[in-house]
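Spelled out from the first residue to the last, the chains are:
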Amino acid sequence: METVNILMVCLGNICRSPLAEGILAHKLPSTTFTVDSAATAAYHTGNHPDSRSIAVAAKYGIAINHQKARPFQKKDFQRFDRIYVMDRSNYNNLKALQPTDAEWEKVALLLGNEEVPDPYYGGTEGFEMVYQMIDVATDRIANKLLENDH
Ligand code: 4NP
């Protein structure tokens, strides 16, 4: 069976998308799914996730401390089958890379119509809220993927 490759994208790849990567990966068999994450900005390249993201993930039994931030590259439109962005700004940043129609069809907001807010400048409660939002969204995504018998 072919592997389905899923990419989570946010601005810095240190707060939201590392959580989305870790949480979704936890819900899918690694034999048939790969989950990665990337940034639309390169400032944190090579950094581990924000300690507040690491802590909230650990609270729910998910380890994301090994992850390292990397920038989104245009070839990711080819490498991945589905690309989930956290907010409309991420969405617009990817659109600005001028993907083909087929590439752009792979891109969606993780929450459908809602945004996952950037928790970076807030307190730890923002990270808890973001965790819960991503948890709900990834339940839906994982159920759908597993239903499709991938
Ligand atoms: P993320 O959060 O996009 O969820 O990783 C941010 C991380 C860093 C910055 C902004 C948002 N920053 O401005 O450095």
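A brief structural summary. (Residues numbered from 1 in each chain as written. Predicted model: local features only at pLDDT ≥ 70, side-chain atom pairs only at ≥ 80, totals over all residues. Heavy atoms only, no water.)

1. Remarks on the site of the ligand
Reasoning step 1: By nearness alone, every residue bordering the ligand is listed as Cys10, Leu11, Gly12, Asn13, Ile14, Cys15, Arg16, Tyr43, His44, Asp118, Tyr120 and Tyr121.
Reasoning step 2: Here Gly12 contributes a backbone N or O atom positioned 2.8 Å from an oxygen atom of the ligand.
Reasoning step 3: Here an oxygen atom of the ligand and a side-chain polar atom of Arg16 are 2.7 Å apart.
Reasoning step 4: Within the complex, 93% of the 360 Å² of free accessible area of the ligand lies under protein.
Reasoning step 5: Looking at the shell around the ligand residue by residue, the classes come out as seven nonpolar, three polar and two charged. (Near = heavy atom within 4 Å. Polar contact = N/O pair within 3.5 Å; in protein donor to acceptor, adjacent residues only side chain to side chain. Areas by Shrake-Rupley, 256 points an atom, 1.4 Å probe, with all protein chains shown as cover. Nonpolar A, V, L, I, M, F, W, Y, C, P; charged D, E, K, R; others polar.)

2. Description of the packing of helix 2 (residues 51–59) against helix 6 (residues 124–147)
Reasoning step 1: Contact geometry for helix 2 and helix 6: axes closest at 10 Å, N-to-C directions at 55°. By the angle class used here, helix 2 and helix 6 are oblique. In the packing of helix 2 onto helix 6, the handedness of the crossing is right-handed. For the pair helix 2 and helix 6, contact is made by Arg52, Ser53, Val56, Ala57 and Lys59 and by Thr124, Phe127, Glu128 and Tyr131, respectively. (Axes fitted to C-alpha atoms, helices over the stretch in contact; angles between N-to-C directions. Helix = DSSP H or I, 4+ residues; strand = E, 2+ residues; numbered from the N terminus. Parallel < 35°, antiparallel > 145°, perpendicular 65-115°, else oblique. Left-handed = near helix turned anticlockwise from the far one by under 90°. Contact = heavy atoms within 4.5 Å.)

3. So, the nonpolar core
Reasoning step 1: The biggest cluster of nonpolar side chains holds 32 residues, and the ones touching the most others in it are Ile6, Met8, Leu19, Leu24, Leu28, Leu110 and Ile134.
Reasoning step 2: Listing elements by their share of this core, those giving two or more residues are strand 1 (4–10), helix 1 (16–27), strand 2 (33–39), helix 2 and helix 6.
Reasoning step 3: Examining the composition of this core, we find that nine residues originate from one element, helix 6, more than from any other.
Reasoning step 4: Leaving out residues up to four positions away in the same chain, Leu24 has contacts with Ile6, Met8, Val35, Thr138, Ile141 and Ala142.
Reasoning step 5: The next biggest cluster of nonpolar side chains, apart from the first, holds 12 residues, and it includes Leu7, Phe80, Ile83 and Leu94. (Core = buried A, V, L, I, M, F, W, Y, C linked by side-chain atoms within 4.5 Å. Buried < 20%, exposed > 50% of the residue type's maximum accessible area, 1.4 Å probe, protein only.)

4. Points about the pairing of strand 2
Reasoning step 1: Of all seven residues that make up strand 2, five are buried, and the element is covered over most of its length.
Reasoning step 2: As judged from the seven bridges shared by strand 1 and strand 2, these two strands associate in the parallel manner. Of the residues in strand 2, the one forming a bridge with Asn5 is Thr34.
Reasoning step 3: Between the parallel pair strand 1 and strand 2, the chain is carried across by helix 1, and the sense of this crossover is right-handed. (Pairing = 2+ DSSP bridges. Right-handed = clockwise from strand over helix to strand, strands pointing away.)

5. Looking at the pattern of salt bridges
Reasoning step 1: Tallied over the entire structure, the rule returns eight salt bridges.
Reasoning step 2: A salt bridge links Arg70 to Asp36, with the shortest nitrogen-to-oxygen separation between them at 3.1 Å. Linking Arg70 in the loop between helix 2 and helix 3 (76–79) with Asp36 in strand 2, this pair joins segments that are 34 residues apart in sequence.
Reasoning step 3: On the basis of relative accessible area, Asp36 is assigned to the partly exposed category, the value being 22%.
Reasoning step 4: If you follow the salt bridges from partner to partner, you end up with Asp36, Arg70, Asp76 and Arg79 in one network. (Salt bridge = Lys/Arg side-chain N within 4 Å of Asp/Glu carboxyl O.)

6. Overview of the environment of Gln98
Reasoning step 1: Relative to the helices and strands, Gln98 is located in the loop between helix 4 (88–95) and helix 5 (101–104).
Reasoning step 2: Each C-alpha atom of the pair Gln98 and Tyr43 lies 22 Å from the other, and the pair is 55 residues apart in sequence.

7. So, the side chain of His44
Reasoning step 1: Structurally, the position occupied by His44 is in the loop between strand 2 and helix 2.
Reasoning step 2: With residues near it in sequence (within four places) discarded, His44 still touches Gly12, Ile14, Ala69 and Tyr120.

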